Amino acid sequence: MYRIERPVYNEALIRSQVLNRRDKSTTLRERVAHQFRCSSQRAKAAVLTFLPILTWLPSYPVKQYLFSDVVSGLSTGVVQLPQGLAYAMLAAVPPVYGLYSSFYPVLLYTFFGTSRHISVGTFAVISLMIGGVAVREAPDSMFYTLPANGSNISAVLDVEARDAKRVQVAIVLTTMVGIIQIALGLLRFGFVAIYLTEPLVRGFTTAASVHVVISQLKYLLGVKTQRFSGPLSAIYVSLAVFSDITSANITTLILGLACIVFLYGVKDINERFKKKLPVPIPGEIIVVIVSTGVSYGLSLSEGHKVDVVGKIPTGLLPPAAPEFSLLPNLVTDSFAVAIVGFSMGISLAKIFALKHGYSVDGNQELIALGLCNFVSSFFKTFAITCSMSRSLVQESTGGKTQTALAAIIMVNLLGMFKQFRDIPTLWKTSKIELAIWFVAFVASVLLGLDYGLLVAIAFAILTVIYRTQSPKSAILGHVPGTGMYCDLEEYEEAVEYEGIKIFHSNSSIYFANCDLYVNALKKKTGVNPEHLQAALKARKKQKEKVNYNHGVTSEIVSNNHLMEEQRNCQSGEVHSVSDSEQSVFLKPPGDVTSIILDWTPVNFIDTVGAKAIKQVMKEYAAVDVQVVIAGCSSKYYDDSTREVLNFFMNTDLVFPTVHDAVLHCQHSHPAAAPGIQMTREETIPSP
């Protein structure tokens, strides 16, 4: 049983007699001194935050985890290196740079990352974005040269010079991405991930998969076309490939289709028997070995004009400074790659952390990815992030001949294309989230990944504004014996108090929706002060007319009493009309005497919203309708928001609960609730 007997509380009573605020006043000097105070505990916490490896390595359970970690590491490493070869193609750099990008970042993330399960390295989306920038800054047209002998032979593409320039662009871009991510992490900007909602990310990655597949069509078909970038590049590439499809290399197509069928079969087997297989079947490595042997044995490059990667240098390159003179043209692209890379990493990190019961730090993840990109860029790597395929240990990429690489990339993206299944699910659950998914997909396909991401984020923010401007409002009624107040339209048990309207709206009140809030209030309660004012004016005119007619009649009666009696005997029309009009005037302007605004869902109110509430309270007061507020959060009386409310509101009219406000309103109009007391006792049966 739950019983309570107490006075009806309002905020003035609570603040003066019930609660006393703690004294938290500090000077600026004290706050600065506390912020920069140094101690062994704070130093230790700072070190552990910056180097998360120190939090788990000393207590690492060797016997329990070592074997499974070794097996998992070998399985991931088997696909990490050939995957680097494939994604280097997307980044428009020679394949060996994909190998570099698969080595250095992994070592760095081990020390600075907070996730225990994600696999950092090359990733299709990031590689494609880098490739678009590299092609834009170093297009083929810049590297055509005429033969030295001055013959009439057409210009020849200097592939080596072109690739060297694109490598410089990719490295400088990676350096800038690292700097941006480190800066955002130090400034505690890890919260930006909240703007990258799951529908947005899934729509964006699905669009990226479309770009990747379209970019690989020319390798699969053996068609020679230029590489496009920027808005509508996907359409231009498709038109270029299919307009020249008659020149497709049949040998290349057969080899590519064979690789696709084999890899898909291996993936299906790994999925079906993943609980029985100690490690997944390394289909990618098999494709690398077989395709290399077939290419060499049948002389596919010389005899059948099949493109191959060629010689891959061995060893690692010494560190070197990037060409920072290229930096001014890459700032905007660097921000796009930095945000997309972080969003991919933190999304998967949170998924695994939730599944395995630990937490990840978004700010430290920014710093970790930033260090991986910044430091590794001095060793000739391009930007990296978390790989979905390797992290899930279900999908992977790799290959040596370009045809095989294209086939493997396409098979790798099958998992992303399954995200089209989100559409019917979102249609049933949330039309707004479906719109976010669809806008992210269409914008990213048509405008490119960078502009598409900006459009998707802007649209997602607009949906938040739309939701606050389209709140659900209701009139609440009391459920007898419970102390609860529920929507009258939804629940039969809810009963409305006579003369009291309880208005509930599930949104905050600020400049963008305050007018909508006031309009909904007047519509739901059925009490419009403007209409009541008009009714009062009409009744006032009726009273004046009645008084005038009554005065004229009295004058006639005083002069000729007999004639008046005869008139009364013949007809009582004058008196009956006058009494009717007088009774209309004596009726109250409305049956509602009090309106309670339930502010339990309200998170904030700005000055514009406060002024709107002030105005509506004045309008209702003019027609003798009292407006009070219930469920107002105590944070509104903090220093930051106290002035917003106090400049128009008396705390005597603010109550901690809806029930307190109801009891106050009933006491203010005892005719509606005779014998009401300012204390209450509730008895609620236990379930």
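- The name an unreviewed UniProt entry gives the protein chain is STAS domain-containing protein, with Echeneis naucrates as the organism.

1. Examining the pairing of strand S7 (residues 484–487)
Line of reasoning, step 1. Judged from the four bridges that link them, strand S6 (residues 473–479) and S7 form a sheet pairing that is antiparallel. Counted as the bridge partner of Val479 is Met484 from S7.
Line of reasoning, step 2. The loop that links S6 with its antiparallel partner S7 comprises four residues; one of these, Gly481, has a positive phi angle of about 80 degrees.

2. A few points about the pattern of salt bridges
Line of reasoning, step 1. Counted according to the given criterion, the structure contains twelve salt bridges.
Line of reasoning, step 2. For the salt bridge of Arg136 with Asp333, the shortest nitrogen-to-oxygen distance reads 2.7 Å. Of this pair, Arg136 sits in helix H8 (residues 124–137) while Asp333 sits in helix H15 (residues 331–356); the two residues are 197 residues apart in sequence, bridging distant segments of the chain.
Line of reasoning, step 3. Overall, the relative accessible area of 8% leaves Asp333 in the buried class.
Line of reasoning, step 4. Asp422 is paired through a salt bridge with Arg202; the nearest N and O atoms lie 2.5 Å apart. Of this pair, Asp422 sits in helix H20 (residues 422–429) while Arg202 sits in helix H10 (residues 198–221); the two residues are 220 residues apart in sequence, bridging distant segments of the chain.

3. Some points on helix H16 (residues 362–377)
Line of reasoning, step 1. Taking 1.5 Å of rise per residue, the 16 residues of H16 would be expected to cover 22 Å, and the 22 Å separating its terminal C-alpha atoms lies within 8% of that figure.
Line of reasoning, step 2. Most of H16 is tucked away: 14 of the 16 residues are buried.
Line of reasoning, step 3. Capping the start of H16 is the job of one residue whose side-chain oxygen sits 3.0 Å from the backbone nitrogen of Asn363: Asp361.

4. Some points on the confidence of the model for the protein chain
Line of reasoning, step 1. Looking at the protein chain, the pLDDT average stands at 78 and 81% of residues meet or exceed 70.
Line of reasoning, step 2. Contacts from residues 672–687, a stretch scored under 50 in pLDDT, to residues over four places away or in other chains number 38 contacts.

5. Points about unusual backbone geometry
Line of reasoning, step 1. Positive phi, close to 60 degrees, is recorded for Arg188, a residue that is not glycine.
Line of reasoning, step 2. Within the secondary structure layout, Arg188 lies in the loop between helix H9 (159–186) and H10.
Line of reasoning, step 3. You can call Arg188 partly exposed: its relative accessible area is 47%.

6. Side note on the sheet that holds S6
Line of reasoning, step 1. The six strands lie next to each other as S7-S6-S8-S9-S10-S11, forming an open sheet whose pairing is mixed. Across the chains shown, the open sheet's two edge strands, defined by having one partner strand only, are S7 and strand S11 (654–655).
Line of reasoning, step 2. With five bridges connecting them, strand S9 (residues 594–598) and strand S10 (residues 626–630) associate as parallel partners. By the bridge assignment, Leu597 is partnered in S10 with Ile629.
Line of reasoning, step 3. The strands that helix H29 (residues 658–668) touches are S6, S7, strand S8 (500–505), S9, S10 and S11; relative to S10, the one it contacts most, it runs at about 160 degrees.

7. With respect to the nonpolar core
Line of reasoning, step 1. Judged by nonpolar contacts, the single largest core of 73 residues is most densely connected at Val125 and Leu200.
Line of reasoning, step 2. Among the elements that take part in this core, H15 stands out by supplying twelve residues, more than any other.
Line of reasoning, step 3. Once you skip the residues sitting within four places of it in the chain, Val125 turns out to touch Phe204, Ala208, Val340, Met344 and Leu449.
Line of reasoning, step 4. Listed in part, the 27 residues of the second largest apolar core include Ile509, Trp599, Ile605 and Val627.

8. Things to note about the environment of Leu447
Line of reasoning, step 1. Along the polypeptide, Leu447 turns up in helix H21 (residues 431–447).
Line of reasoning, step 2. When its relative accessible area of 31% is taken as the criterion, Leu447 is described as partly exposed.
Line of reasoning, step 3. With residues near it in sequence (within four places) discarded, Leu447 still touches Gly230, Pro231, Leu232, Gly452 and Val455.

9. Description of the side chain of Ser507
Line of reasoning, step 1. Relative to the assigned elements, Ser507 resides in the loop between S8 and helix H23 (514–525).
Line of reasoning, step 2. In this structure Ser507 comes out as buried when scored by relative accessible area, which is 5%.
Line of reasoning, step 3. Here the side chain of Ser507 touches Asn513 through a polar contact of 3.4 Å, side chain to side chain.
Line of reasoning, step 4. In this view, Ser507 contacts Thr468, Pro471, Asn513, Pro601 and Val602; residues no more than four positions away in its chain are not counted.

10. Description of the environment of Lys267
Line of reasoning, step 1. Looking at where Lys267 falls in the secondary structure, it is placed in helix H12 (residues 250–272).
Line of reasoning, step 2. Lys267 sits in the buried class, given a relative accessible area of 16%.
Line of reasoning, step 3. Along the chain, Lys267 and Pro280 lie 13 residues apart, while their C-alpha atoms are 8.6 Å from each other.

11. Digging into the pairing of S6
Line of reasoning, step 1. By the criterion of burial, S6 is predominantly enclosed, with seven of the seven residues buried.
Line of reasoning, step 2. Pairing between S6 and S8: four bridges, direction antiparallel. Looking at the pairing, Ser473 lines up with Ser505 of S8.

12. A look at a nonpolar patch on the surface
Line of reasoning, step 1. On the surface, a cluster of nonpolar side chains totalling about 770 Å² of accessible area is made up of Leu232, Ile235, Tyr236, Leu239, Leu446, Leu447, Tyr451, Leu454 and Val455.
Line of reasoning, step 2. Elements supplying a minimum of two residues to the nonpolar patch: helix H11 (233–243), H21 and helix H22 (449–469).
Line of reasoning, step 3. Topologically, Ile235 is positioned in helix H11.

13. Notes on the packing of H10 against H21
Line of reasoning, step 1. At a minimum axis separation of 7 Å, H10 and H21 run at an interaxial angle of 30 degrees. Classed by the angle they form, the pair H10 and H21 counts as roughly parallel. Like other packed secondary-structure pairs, H10 and H21 cross with a definite hand, here right-handed. On the side of H10, the interface is formed by Pro199, Leu200, Arg202, Gly203, Phe204, Thr206, Ala207, Val210 and His211, while H21 contributes Glu433, Ile436, Trp437, Ala440, Phe441, Ser444 and Val445.
Line of reasoning, step 2. Class assignment for the residues of the contact of H10 with H21 results in ten nonpolar, four polar and two charged.

The rules behind the values
Residues numbered from 1 in each chain as written. Predicted model: local features only at pLDDT ≥ 70, side-chain atom pairs only at ≥ 80, totals over all residues. Heavy atoms only, no water. Pairing = 2+ DSSP bridges. Helix = DSSP H or I, 4+ residues; strand = E, 2+ residues; numbered from the N terminus. Salt bridge = Lys/Arg side-chain N within 4 Å of Asp/Glu carboxyl O. Buried < 20%, exposed > 50% of the residue type's maximum accessible area, 1.4 Å probe, protein only. Expected span 1.5 Å × (residues − 1). Polar contact = N/O pair within 3.5 Å; in protein donor to acceptor, adjacent residues only side chain to side chain. pLDDT = per-residue confidence, 0-100. Contact = heavy atoms within 4.5 Å. Axes fitted to C-alpha atoms, helices over the stretch in contact; angles between N-to-C directions. Core = buried A, V, L, I, M, F, W, Y, C linked by side-chain atoms within 4.5 Å. Patch = residues over 30% accessible without salt bridge, like charges linked within 9 Å, V, L, I, M, F, W, Y side chains within 5 Å. Areas by Shrake-Rupley, 256 points an atom, 1.4 Å probe, with all protein chains shown as cover. Parallel < 35°, antiparallel > 145°, perpendicular 65-115°, else oblique. Left-handed = near helix turned anticlockwise from the far one by under 90°. Nonpolar A, V, L, I, M, F, W, Y, C, P; charged D, E, K, R; others polar.

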